[in-house]
Amino acid sequence: MGCCSSAAQSSKREWKPLEDHSCTDVPWLLLFILFCIGMGFICGFSIATGAAARLLSGYDSYGNICGQKNIKVEGIVNSGLDLTHNKYVFFLDPCNIDLVHQRIKSIALCVSACPRKELKTLADIQKFAETNGSTLCSYELQPSEYTTDPRAAKLCPKYPVPESAPIPFFHRCAPVNISCYAKFAEALITFVSDSSVLHRLISGVMTSKEIIMGLCLLSLVLSMILMVIIRYISRVLVWILTILVILGSLGGTGVLWWLYAKQRISASTVETQIAKDNLQALLIYAISATVFTVILFLIMLIMRKRVALTIALFHVAGKVFIHLPLLVFQPFWTFFVLILFWTYWITVLLFLGTTGSPVPNEEGFVEFRMVGPLKYMWWYHVVGLIWISEFILGCQQMTVAGAVVTYYFTREKRNLPFTPILASVNRLVCYHLGTVAKGSFIITLVKIPRMILMYIHTQLKGKENACARCMLKACICCLWCLEKCLTYLNQNAYTATAINSTNFCTSAKDAFIILVENALRVAAINTVGDFMLFLGKVLIVCSTGLAGIMLLNYQRDYTIWVLPLIIVCLFAFLVAHCFLSIYEMVVDVLFLCFAIDTKYNDGSPGREFYMDKVLMEFVENSRKSVKEAGRGDGAEGRELKPMASGASSS
């Protein structure tokens, strides 16, 4: 499948950008299609075996599906009932949650209506049944026996019965007051020793929900503004980002210490638990911001001599976005497709949870379980989640690479296709889906062992010895590093495929050779560029966080704003990462195109450079700057040999 071609043949082969298009890695495309057919089979099987009906309509503890006639289950009483008019699942004790098996540990019945008000006694339950025709006790009890039969204590709901409402589309009666589910969350969050803390955190989120939504929208606007700034003022962007990050870090740290000092003075007069929690949170924030600011200053001090290289690189990438404005919207389409696939995947996973044959459990109720090889279908489903998700991300990388390659290797920019993005998508679909399938499968092979080790580490937490814990963490860390390296190599392999239409292994080998030959340039230019994009993410998070601090500060007397601020900052970083990752991708593709251009062309007639004057200026400035930084270093001088004389004339 393309992994066995010799290095000699690769070195003799001439690169012919955009001149020849051919299908690559077709066997891997066929394998991926077969795998997707298997995913479809799992979905069809779960629907055919009644899982969809059980998930959507719900079923009771005796195996009856609500809202239809049912077949008798051997050995189970109350099974095979006609529940055509009983369309809702009602739990006798909805707050009795089994944390181990992650389910409601209660008898479930099919009822005709959910109790829309609280029922405090058995008499109220009996009156509700007589008035609404909805029996909330087990099927063997008649409404007239609710207050007289001694079995009612076990067969009727635990009272007071909370007010409940049906969940849309899923026909389950859910309590309107979610306090019992808050207790479930408390059990999961083991670091909360005082249950009242979680209640105050949740109330803080609910009280500040309008502010949270506004700040999330602000982070989206700031990210788009930053992308516009990158397009039009890329020459001064690095200096602007550097100055703003310095001012933002100092300002944010100063504001946090000022608020801490101010609230510490006022806390002496107002002794409330919320005020104490906010004061402690402010102290933690202020110390963290101070440490972060010091580390940031040290890194920027080390990087200061290479800022000029990044300015030139950003200018070239900015020109790409001017000519290819649709690149900005790539994160939206990718995110939309991922959301659609994840929704499908979760739906099928829920189907699998109710798939199988009815089997009596230890308590005499019915559970649906798959037997034989079919019970391992969810493993296949999990692999599909990783592979197809990576495939979608790989398609985005190949699309961006194809568009940027088209821009770079088109000498006359006015001859660019009307929509290079759509042209790149067309080449991807017609020729290179197999290459993306192969690259994403390689990432999947690394992700799965890492996830298994992380699961084992979580399950054995507190049980394994120090040596085993250290080995597990080391393996997880190594696999994570390998995954990041392979992801970077995959992206460059996609670029090589977009340039020369070669299969994945050949492209990965060619890209790896190019990157090794330009190792110092990768370190000196690409890394600094990524760091400056990271500063852009920091700027958006700091701006959003600072706005959040100022707005939430007005609610400090009655709201804990620790969790709202964390939610806002995480969302801001996610949005900034989605936008700026496209810019980072463009920078990486441009660098590989530039390296290939300088290796296989020398500016002579018939071998002219593809790069324009701005990029040539970038090359010369990079060579001079790195030479000055490493004067006297023979290895660096050999790697950055002077350009051909024809370069300056192009």
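Procedures and definitions
- Residues numbered from 1 in each chain as written.
- Predicted model: local features only at pLDDT ≥ 70, side-chain atom pairs only at ≥ 80, totals over all residues.
- Heavy atoms only, no water.
- UniProt positions renumbered as here; feature names shortened; annotations may be inferred.
- Helix = DSSP H or I, 4+ residues; strand = E, 2+ residues; numbered from the N terminus.
- Buried < 20%, exposed > 50% of the residue type's maximum accessible area, 1.4 Å probe, protein only.
- Contact = heavy atoms within 4.5 Å.
- Areas by Shrake-Rupley, 256 points an atom, 1.4 Å probe, with all protein chains shown as cover.
- Salt bridge = Lys/Arg side-chain N within 4 Å of Asp/Glu carboxyl O.
- Core = buried A, V, L, I, M, F, W, Y, C linked by side-chain atoms within 4.5 Å.
- Pairing = 2+ DSSP bridges.
- Disulfide = S-S within 2.5 Å.
- Polar contact = N/O pair within 3.5 Å; in protein donor to acceptor, adjacent residues only side chain to side chain.
- Expected span 1.5 Å × (residues − 1).

- Identification of the chain as Choline transporter-like protein from Patagioenas fasciata monilis is taken from an unreviewed UniProt entry.
- According to its UniProt record, the chain has this under Sequence similarities (unreviewed entry): "Belongs to the CTL (choline transporter-like) family."
- What the UniProt record of the chain gives under Function (unreviewed entry) is the line "Choline transporter."

### Things to note about the overall build of the chain
Part 1: The helix and strand tally for the chain stands at 20 helices and eight strands.
Part 2: The burial tally for the chain puts 47% of its 650 residues in the buried class.
Part 3: A fraction of 72% describes how many contacts in the chain between residues 6 or more apart in sequence connect residues 24 or more apart.
Part 4: Just so you have it, the chain exposes about 33,000 Å², and 67% of that area is on carbon and sulfur atoms.

### Let's talk about the pattern of salt bridges
Pairing of side chains with opposite charge becomes possible as their charged atoms draw close.
Part 1: This structure, assessed with the given rule, holds five salt bridges.
Part 2: Here Asp-25 makes a salt bridge to Lys-438, at a shortest N to O gap of 4.0 Å. Here Asp-25 is found in the loop between helix H1 (7–12) and helix H2 (26–48), whereas its partner Lys-438 is found in helix H14 (residues 420–459), with 413 residues between them in sequence. Each member of the pair, Asp-25 as well as Lys-438, is classed as buried.
Part 3: Linked through salt bridges whose partners overlap, the residues forming this network are Glu-390, Lys-447, Arg-450 and Glu-483.

### Quick word on the nonpolar core
Part 1: Judged by nonpolar contacts, the single largest core of 77 residues is most densely connected at Val-320, Phe-321, Leu-327, Val-404, Tyr-408, Val-586 and Leu-590.
Part 2: Broken down by element, this core gets its largest block of residues, 18 residues, from helix H18 (residues 562–600).
Part 3: Ranked by size, the runner-up nonpolar core spans 33 residues in total, among them Ile-76, Leu-109, Leu-155 and Cys-156.

### Thoughts on the pairing of strand E8 (residues 366–369)
Consecutive side chains of a regular strand alternate in pointing toward one face of the sheet and then the other.
Part 1: Side-chain alternation along E8 places Val-366 and Phe-368 on a buried face and Glu-367 and Arg-369 on a face that remains uncovered.
Part 2: Bridge count between strand E7 (residues 357–360) and E8: four bridges; the pairing is antiparallel. Bridge pairing links Pro-360 to Val-366 in E8.
Part 3: Between E7 and E8, which pair antiparallel one after the other, the connecting turn spans five residues, and Gly-364 there sits at a positive phi close to 90 degrees.

### Focus on the state of the cysteines
Part 1: Using the criterion set out here, one finds three disulfides in the structure.
Part 2: Between Cys-114 and Cys-173 runs a disulfide, and the two sulfur atoms are separated by 1.9 Å. For the disulfide bridge between Cys-114 and Cys-173, the dihedral angle about the S-S bond is near -80 degrees, and by the sign convention the bridge is left-handed. Taken together, the residues span a long stretch of sequence, with Cys-114 in the loop between strand E4 (108–111) and helix H4 (122–132) and Cys-173 in strand E6 (residues 173–175) at a distance of 59 residues.
Part 3: Across the disulfide from Cys-137 sits Cys-156; the S-S distance is 1.9 Å.

### Observations concerning the side chain of Thr-444
Part 1: In this fold, Thr-444 is placed in helix H14.
Part 2: There is a polar contact of 2.8 Å between the side chain of Thr-444 and the backbone oxygen of Ser-440.
Part 3: Here Thr-444 is in contact with Val-383, Ile-386, Trp-387, Glu-390 and Pro-449, once residues within four sequence places are set aside.

### Brief notes about helix H12 (residues 330–353)
Part 1: Its 24 residues place the ends of H12 35 Å apart at the C-alpha level, agreeing with the 34 Å of an ideal helix rising 1.5 Å per residue.
Part 2: The complete set of buried residues in H12 reads Gln-330, Pro-331, Thr-334, Leu-338, Phe-341, Trp-345, Val-348, Phe-351 and Leu-352.

### Side note on the environment of Val-111
Part 1: Of note, Val-111 is situated in strand E4.
Part 2: In this structure the C-alpha to C-alpha distance between Val-111 and Ala-129, which are 18 residues apart in sequence, comes to 9.8 Å.
Part 3: With near-sequence residues (within four places) excluded, Val-111 lies in contact with Asn-86, Lys-87, Tyr-88, Phe-90, Ser-134, Thr-135, Leu-136 and Cys-173.

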